[in-house]
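Listed below, chain by chain, are the residues.
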Amino acid sequence: NRDGTPERICGNALRALGEVFRRCGSSLPQCVHFEGFDAWVQSDGEDATCHAPEEAFRISKRVGTGIAVDGGTPHLVHRVDNLHAPRVEEQGSIVSTGPLAENATFYALREDRIGVRTFERGVGETASCGTGAIAAHLASRLNGDYRQRDENILHFTSGENLRVCCEN
């Protein structure tokens, strides 16, 4: 990270590996070892899927300010109705650039997937963020927005999708 803190997980690496597997036509799950846990990535030919153990993430609800999800990359997650509302960009900028900067992730429920927007600390908005997708998935479960029993499809502003599963 720009602030010198280490990462425990790289969600974009998982997302990118899933895309490589999709392009190569591989559907076999591949293990990716991170500090203290293993994640699994595979592709069904359409979307990449990431399986990560939920215990690898610290999750806490902050009254009035969203849900904090930290797997080595801290995200403050909020559910919104409109990802493109001016309030989202304003709040994303404040949270990601303030003196206690953390990633600001916003999600909005759609019919068959969850839209995600992430503002990375010290960097600004990113078109796709793997840890942001995982954070949005976990926050949606905590908020009772969980659409399916074990997975959600997250859609980034880049147009990419990532199917996220977290097991207990």
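Look above for the structure.
The structure contained in this document is the topic of the report that follows. Just so you know, these numbers come straight off a predicted model, no measurement behind them.

1. Quick notes on the overall build of the protein
Now for step 1: Assigned secondary structure in the protein consists of 3 helices and 11 strands.
Now for step 2: Secondary structure elements in the protein, listed N-terminal to C-terminal, are α-β-β-β-β-β-β-α-β-β-β-α-β-β.
Now for step 3: Here the C-alpha atoms of the protein give a radius of gyration of 15 Å, agreeing with the 15 Å that 2.2 N^0.38 yields for 168 residues.
Now for step 4: Each principal axis of the C-alpha distribution contributes one length, and for the protein these read about 40 × 35 × 30 Å.
Now for step 5: Here the contacts in the protein between residues at least 6 apart in sequence split such that 56% fall between residues at least 24 apart.
Now for step 6: As presented, the protein carries roughly 8,300 Å² of accessible surface, and 50% of it is formed by carbon and sulfur atoms.
Now for step 7: Placing the 18 positive and 24 negative side-chain charges of the protein at their respective mean positions leaves the two points 3 Å apart.

2. Looking at the pattern of salt bridges
Now for step 1: Scanning the model with the defined rule gives 5 salt bridges in all.
Now for step 2: Across the salt bridge formed by Arg117 and Glu89, the nearest N and O atoms sit 3.4 Å from each other. Here the residue Arg117 occupies a position in strand E8 (residues 114-120), and Glu89 occupies one in helix H2 (residues 86-97), the gap between them amounting to 28 residues.
Now for step 3: On the basis of relative accessible area, Arg117 is assigned to the buried category, the value being 6%.
Now for step 4: Where Arg113 meets Asp112, a salt bridge forms, and the shortest distance between an N and an O atom there is 3.2 Å.

3. Description of the environment of Ala136
Now for step 1: Inspection of the secondary structure assignment puts Ala136 in helix H3 (residues 130-142).
Now for step 2: Take Ala136: its relative accessible area is 0%, and that puts it in the buried class.
Now for step 3: Considered as a pair, Ala136 and Ile114 are 22 residues apart in the sequence and their alpha carbons are 8.3 Å apart.
Now for step 4: In contact with Ala136, other than residues within four places in its own chain, are Val77, Thr105, Tyr107, Val116 and Leu154.

4. Regarding the packing of aromatic side chains
Now for step 1: By the definition in use, this model includes 2 aromatic pairs.
Now for step 2: For the pair Phe106 and Phe119, a centre-to-centre distance of 6.0 Å together with 85 degrees between the ring planes defines the contact as edge-to-face. Placement of Phe106 in strand E7 (residues 103-109) and of Phe119 in strand E8 is noted, with a sequence separation of 13 residues between them.
Now for step 3: For Phe106, a relative accessible area of 0% gives the class buried.
Now for step 4: Phe119 gets classed as buried once you look at its relative accessible area, which sits at 4%.

5. Considering the nonpolar core
Now for step 1: One finds Leu14, Phe57 and Ile134 to be the most contacted residues of the largest nonpolar core, which totals 29 residues.
Now for step 2: Ranked by residue count, the leading element in this core is H3, at 6 residues.
Now for step 3: Ignoring sequence-local partners within four residues, the contact set of Phe57 consists of Ile9, Ala52, Val69, Asp70, Gly71, Ile134 and Leu138.

What counts, and where the lines are drawn
- Residues numbered from 1 in each chain as written.
- Predicted model: local features only at pLDDT ≥ 70, side-chain atom pairs only at ≥ 80, totals over all residues.
- Heavy atoms only, no water.
- Helix = DSSP H or I, 4+ residues; strand = E, 2+ residues; numbered from the N terminus.
- Rg over C-alpha atoms; globule rule 2.2 N^0.38 Å.
- Contact = heavy atoms within 4.5 Å.
- Areas by Shrake-Rupley, 256 points an atom, 1.4 Å probe, with all protein chains shown as cover.
- Lys, Arg positive; Asp, Glu negative; His and termini not counted.
- Charge placed at Lys NZ, Arg CZ, Asp CG, Glu CD.
- Salt bridge = Lys/Arg side-chain N within 4 Å of Asp/Glu carboxyl O.
- Buried < 20%, exposed > 50% of the residue type's maximum accessible area, 1.4 Å probe, protein only.
- Phe/Tyr/Trp six-rings, centres within 6.5 Å; stacked < 30°, edge-to-face > 60°.
- Core = buried A, V, L, I, M, F, W, Y, C linked by side-chain atoms within 4.5 Å.

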